[in-house]
Each structure stands twice: as C-alpha cells, then as structure tokens.
Amino acid sequence: MRTVWLWLAVAALGQAAGPNELRFAMAGDPKSFDALHVSEENSEVVRYLTGGVLLRVNRATDQIQPELAETWAVTEGGRAISFHLRAGLRFSDGTALGAEDVARTLRAALDPKQASPAGDAFRSDKGEPEIKVTSARDVTLRYAGPKPGLDRLFDTLAIVPAAGRTGFPASAGPYFVGEYKSGEFVRLARNPYYWKRDAAGKQLPYIDSVRIDIQPNHDLEAARFLRGELDVINKLEPQGFDRVAKANAGAARNTGASLDAEFLWFNERPSPDLPEWKRKWFASAVFRHAVSQAIRRDDIARVVFGGHAHAAAGPVSPANRFWFNGALKPLPFDVEAARRSLREQGFITLKDGTLRDAEGHAVEFSLITNAGNRPRQAMAAVIQEDLGKIGIRVNVVTLDFGSLIERIMRSFRYEGALLGFANVEVDPSEQMNVWLSSGAQHAWWPREQKPATAWEAEIDRLELAQASEASREARKKAIDAVQRIAVEQEPIIYLVNPDYLGAVAARVKGALPSPVPPQILWNVEWLKLE
C-alpha cells in the first residue's frame with residue numbers, strides 16, 4: 001500500500017506508538033483530507049482534529065468561543081459578521097495565516113465550481129455574501145438579508161492555506177495529517193505553530209500525536225480497547241458498551257440521549273403504485289396517531305438498544321438543550337386509545353382480529369428498512385408484533401441502502417419506511433429540507449408543488465420565518481411551534497433517541513464527552529495521557 005508523507009521531519013512517527021500518542025479507531029478510510037470537501041463522518045473527524053476555525057461552539061456549554069479570531073461581532077441585524085484575527089497566526093508548515101486566507105477559504109467554499117459541502121451552510125437564497133478584507137487581520141462577511149445563526153456556522157469552516165503545496169495540506173488546528181496508510185491508519189502530528197496555550201503559558205496540545213486505526217469491525221474495536229490497544233471509542237453500539245461496562249465500568253461513558261433519532265413514516269405521495277384507499281389511511285393523522293400509540297417505545301429501548309435509548313418526544317432530541325421544546329412528552333403507549341380512535345374513523349376489528357377500514361379493506365402495509373442494520377431490523381420486528389395486536393399486518397422488507405434510497409427519493413414505490421438520523425446538526429435549520437413541503441427530503445411527500453394541508457403550510461411559514469430571523473430567541477419560538485405541530489400531526493412517527501455511548505481509558509485525562517460530534521474528541525487539545 002502507498003504511504004504518503006508530509007515531510008521527512010515526521011518520519012519518526014512511522015515507528016511504534018510512543019507513550020504520548022492518543023489511539024482510537026474509526027470504521028473506514030477518510031475520503032478526503034481537503035477540509036473544504038469533507039462529506040462523510042470519517043473525514044469529519046480528521047477535519048475537526050486538524051482544522052483551525054475562527055470560532056468554536058463549546059460542546060460542554062453550547063457557548064461560542066474565539067479561536068483563530070481574537071474578537072468578532074455580528075452586526076446589521078444579523079446580515080454581517082466581522083472578525084479580528086489573533087496576531088502571529090501560522091499554519092502547520094510555518095506559513096503566515098491572515099485575513100486573506102480567511103477570505104480565500106470563504107470564496108472557495110462558496111464557489112459553485114468547487115462544489116464544496118463546507119459552503120452549503122453559508123449560501124443564501126438572496127445571493128452570495130460580500131467578502132471584504134479591511135486589513136491583514138480583519139475581514140467582514142455581509143449578506144443581503146439576515147443569516148440565522150451566522151456566528152455558529154464558523155464552527156465547521158476550517159481555514160485552509162493557499163493551493164500549491166504537495167502532499168497533505170497544512171492546517172491551523174492542534175494537529176496536521178502526518179502519515180496515512182489506506183485501510184490501516186491515519187497518524188496526526190502535533191502542530192508546532194498552534195496558537196493556543198494553557199493558563200501557565202504551555203503550548204497546546206498536550207498530546208504529541210494521534211493514531212487513528214481503520215477498524216470496521218466494532219467487536220474487534222471493543223476487544224482492542226479492553227486490551228489497552230486503544231484509548232478511546234468515540235461511538236459504541238449497545239452490545240459493545242455493555243461488554244466494556246462489564247469488564248471496566250469506569251471506562252464506559254453514557255451521556256444519555258444523543259442527537260440521533262429513529263423513526264418511521266408513511267408514503268402520502270399520489271402514485272399509481274399506491275392504492276388510493278391506503279394513501280387515505282396514511283394521510284390521516286388519526287391513523288398515524290393510532291399506529292404511534294400502539295408501539296411500545298420502551299420495548300424498543302429495552303430490547304433493541306439494551307436499555308440505552310429513550311422514547312422520542314418529537315423531531316428534536318432533548319439532548320439538543322437549547323432547541324428542544326420542553327413542553328413535549330413522548331406519546332404514551334395506549335392500545336385501547338388506538339383501537340378507540342380507529343373505531344371512531346370507521347375501522348372495524350373482525351373476530352379473527354383483522355382490522356378493516358370502512359370500505360372493507362384489510363389494514364396491511366409493507367415497511368422497508370435497510371438490510372444489515374441490526375437495530376433497525378429488530379425495531380421492525382417489534383413494530384410488526386405491536387401493530388399485529390391491533391389487527392394491522394406489517395410486512396417487513398429489507399433492502400440494500402442504495403435500493404432503499406431509490407424507493408423513498410426517486411421511484412416512491414413503497415408504503416412505510418423505517419430509518420433514522422445520525423450525526424444530527426444542533427441547529428434545526430439543517431432539517432429544513434425535511435420540513436418544508438417543497439423540500440427534497442420532505443419524507444412523506446417530497447417536493448410538493450404546494451402544501452397539501454393547512455398544518456404543512458403553517459410549518460412552511462414558520463420555517464421560512466426563522467430562516468430570515470437574526471434573533472436566536474425568536475427562532476426558538478418558531479422552531480418550538482414546528483415541533484408542536486409535528487407531534488400533533490405525526491407525519492413522521494418518532495420512536496427513540498439512542499443514547500450516546502463511548503469509552504475512555506483511565507490514562508486519558510480531561511475528557512468531557514458530549515452527544516454533539518465529535519463527542520469525546522471535541523476538546524482534544526486539552527486531553528492528557530498519564
């Protein structure tokens with residue numbers, strides 16, 4: 001396998017791990033080391049550990065803290081943000097970092113020819129922002145209208161150096177990519193020019209290097225952790241967590257509900273492949289509520305996730321402390337209420353237990369989910385059993401992920417779907433594509449020409465209003481209302497929020513696990529090894 005080196009000075013990193021090297025694993029190779037072209041989780045981890053950003057959202061406090069920017073100010077009613085950079089900033093190769101680098105990074109991220117995922121959050125339907133450098137340390141970004149959460153967007157934008165160097169790109173974060181062997185490992189070296197120091201004046205990071213092994217097998221990852229070969233497991237499955245907790249209770253970390261969610265929904269889009277009488281069921285909030293009430297969420301949490309999940313209360317997890325609507329509670333399990341509401345809608349239960357609608361059709365639907373995903377297949381089995389108790393027959397169909405996406409996004413040849421969100425962004429604006437009726441990911445009816453119901457029109461109004469509102473508190477009111485309507489109507493039936501589970505070895509000091517990615521590693525520059 002081909003090994004790429006940044007420069008000969010880091011050749012010593014190829015030797016066996018020293019005592020001051022943090023070790024963990026991820027499931028696959030990073031697809032890119034270019035901070036502006038990161039589009040999957042493995043590359044995201046590397047970008048976070050190496051990228052220097054202007055501002056960082058503290059995962060423990062949810063407060064914005066200055067990084068490469070010494071000071072910043074949001075002005076003009078949320079239309080503009082100005083940064084004053086720290087003096088003497090340098091990239092890991094020693095080249096100076098200034099306002100022109102910030103401007104160039106922003107322009108590259110926003111350039112349509114670059115197709116940079118990093119630029120998506122900075123785009124606006126009112127046109128591209130103006131980027132103006134006013135001095136070697138000062139730069140301003142200005143939009144035509146208010147840009148919600150403008151300062152928080154910079155948490156994920158790593159400032160990159162000018163193109164032209166060979167090998168791995170230099171970086172301005174605590175580490176830089178020093179070595180990579182495809183299918184084996186990535187090794188990160190300490191950035192000798194990193195700006196941050198502790199209260200005593202000692203330069204950070206404390207740890208000299210980070211080795212990230214490529215380990216797709218989670219069982220082997222847990223075994224290696226228990227043997228002392230890995231220091232951190234940044235995300236554990238429930239079975240692996242229980243294994244670690246049994247062998248070393250002090251190492252297992254459970255922060256409670258994560259930002260992730262598991263849910264199901266029905267296809268409400270008119271289609272020749274979907275009988276109109278079935279679509280009528282799916283479009284009925286009464287039918288959806290009855291299905292929701294008949295599912296034992298506590299059983300899903302206990303049986304599927306080994307007790308490491310919580311019943312979901314709606315589209316925002318309670319782990320998302322600021323944005324969660326605290327007035328909402330999970331819909332209680334209530335089979336009798338489900339049966340009663342169905343009866344009131346003309347459904348009847350035959351002597352053999354089969355449920356039929358007012359026109360005599362047996363209530364039956366297929367539920368698609370992704371093959372090879374053990375938790376989802378187990379959830380489907382629980383749902384199948386629970387709904388069978390109120391006379392609804394569920395036929396579970398597992399598909400490879402590509403075929404699943406084709407069904408729900410393009411051909412629409414399905415009835416019900418069971419999926420989930422992972423690595424959810426904190427700001428609910430990232431889910432606008434799900435809730436806007438015109439959105440491509442508007443699960444139950446993608447790209448509606450116009451809202452099919454009054455409540456969908458109201459969600460559209462609220463989502464568009466918060467998207468042009470600078471005040472975080474005013475946005476919160478709109479998002480709370482969206483959550484309330486989503487629970488009242490249940491176009492998506494939220495099931496559980498899995499817990500965030502991880503593991504930290506005793507020799508790692510300073511870890512403050514958070515449900516927000518990158519979980520255990522978010523304050524990597526402050527971690528120490530003993």
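Here we summarise the structure given alongside this text. Predicted, not measured: the structure shown is a model, and the values here were computed from it. (Residues numbered from 1 in each chain as written. Predicted model: local features only at pLDDT ≥ 70, side-chain atom pairs only at ≥ 80, totals over all residues. Heavy atoms only, no water.)

1. Looking at the pattern of salt bridges
Then, number 1: One pass over the full model with this rule turns up 36 salt bridges.
Then, number 2: The closest approach of N and O atoms between Arg59 and Asp155, which form a salt bridge, is 2.9 Å. Of this pair, Arg59 sits in the loop between strand S3 (55–57) and strand S4 (64–66) while Asp155 sits in the loop between strand S8 (138–142) and strand S9 (175–181), placing them 96 residues apart in sequence. In this structure, Arg59 and Asp155 share a single accessibility class: buried.
Then, number 3: As a salt-bridge pair, Glu458 and Arg461 come within 2.8 Å of each other at their nearest N and O atoms. Here Glu458 and its partner Arg461 are both found in helix H12 (residues 454–467), 3 residues apart, which amounts to about one turn of the helix.
Then, number 4: You can call Glu458 partly exposed: its relative accessible area is 29%.
Then, number 5: One salt-bridge network, held together by shared partners, links Arg211, Asp213, Arg224, Arg227 and Glu229. (Salt bridge = Lys/Arg side-chain N within 4 Å of Asp/Glu carboxyl O. Helix = DSSP H or I, 4+ residues; strand = E, 2+ residues; numbered from the N terminus. Buried < 20%, exposed > 50% of the residue type's maximum accessible area, 1.4 Å probe, protein only.)

2. Digging into the nonpolar core
Then, number 1: Core analysis: the biggest nonpolar cluster contains 42 residues, and Leu22, Leu49, Leu188 and Ile212 have the highest contact counts within it.
Then, number 2: By size, the runner-up hydrophobic cluster in this structure holds 36 residues, among which are Ala35, Phe83, Ala103 and Ala172. (Core = buried A, V, L, I, M, F, W, Y, C linked by side-chain atoms within 4.5 Å.)

3. Brief notes about the sheet that holds S8
Then, number 1: If you trace the 4 strands from one edge of the open sheet to the other, you get S5-S6-S8-S7, paired in antiparallel fashion. On the outer flanks of this sheet lie strand S5 (69–75) and strand S7 (130–135), each paired with one strand and no other. In this sheet, adjacent strand axes meet at a mean angle of 15° when their direction is disregarded.
Then, number 2: Sheet topology places strand S6 (residues 80–85) next to S8; 5 bridges connect them, and they run antiparallel. Its bridge partner being in S8, His84 is matched across the sheet by Asp138.
Then, number 3: Helix H2 (residues 99–110) contacts S6, S7 and S8 of the sheet and is inclined by roughly 170° relative to S7. (Pairing = 2+ DSSP bridges. Axes fitted to C-alpha atoms, helices over the stretch in contact; angles between N-to-C directions. Contact = heavy atoms within 4.5 Å.)

4. A word on the pairing of strand S19 (residues 393–399)
Then, number 1: Two strands pair when backbone bridges link them, and strand S18 (residues 364–370) and S19 are joined in this way by 7 bridges, in the parallel orientation. Counted as the bridge partner of Leu367 is Val396 from S19.
Then, number 2: Crossover S18 to S19 through helix H9 (residues 374–388) is right-handed. (Right-handed = clockwise from strand over helix to strand, strands pointing away.)

5. As for the packing of helix H6 (residues 285–293) against helix H8 (residues 335–344)
Then, number 1: It is the contact of H6 with H8, at a shortest axis distance of 8 Å, that shows an interaxial angle of 160°. Classed by the angle they form, the pair H6 and H8 counts as roughly antiparallel. For the pair H6 and H8, the sense of crossing is left-handed. Residue-level inspection shows Val286, Phe287, Ala290 and Gln293 of H6 in contact with H8, the latter providing Val335, Ala337, Ala338, Ser341 and Leu342. (Parallel < 35°, antiparallel > 145°, perpendicular 65-115°, else oblique. Left-handed = near helix turned anticlockwise from the far one by under 90°.)

6. Quick word on the environment of Ala118
Then, number 1: With respect to the helices, strands and loops of the structure, Ala118 is situated in the loop between H2 and S7.
Then, number 2: Separated by 194 residues in the primary sequence, Ala118 and Ala312 place their C-alpha atoms 30 Å from one another.
Then, number 3: Contacts of Ala118, omitting those with residues within four sequence positions, involve Ala35, Leu36, Arg47, Ala109 and Leu157.

7. Here we look at the packing of H12 against helix H13 (residues 472–489)
Then, number 1: For the pair H12 and H13, the least separation of the axes is 9 Å and the interaxial angle reads 160°. Relative to H13, the element H12 is oriented roughly antiparallel. Considering only the axes of H12 and H13, their crossing is left-handed. Residues Trp455, Glu458, Ile459, Leu462, Glu463 and Gln466 of H12 lie in contact with H13, whose contacting residues are Arg475, Ala478, Ile479, Ala481, Val482, Ile485 and Gln489.
Then, number 2: For the contact of H12 with H13, the class distribution of residues is 8 nonpolar, 2 polar and 3 charged. (Nonpolar A, V, L, I, M, F, W, Y, C, P; charged D, E, K, R; others polar.)

8. What about the packing of aromatic side chains?
Then, number 1: If you walk through the whole model with that rule in mind, you get 22 aromatic pairs.
Then, number 2: One aromatic cluster is present, formed by Phe266, Trp277, Trp281, Phe282, Phe287, Phe347 and Phe365 through successive ring pairs.
Then, number 3: Sitting over the ring of Phe185, Arg211 keeps its end group 4.1 Å from the ring centre.
Then, number 4: We note Arg472 situated over the ring of Phe322; from NZ or CZ to the ring centre the distance is 3.9 Å. (Phe/Tyr/Trp six-rings, centres within 6.5 Å; stacked < 30°, edge-to-face > 60°. Lys NZ or Arg CZ within 6 Å of the ring centre and 35° of its normal.)

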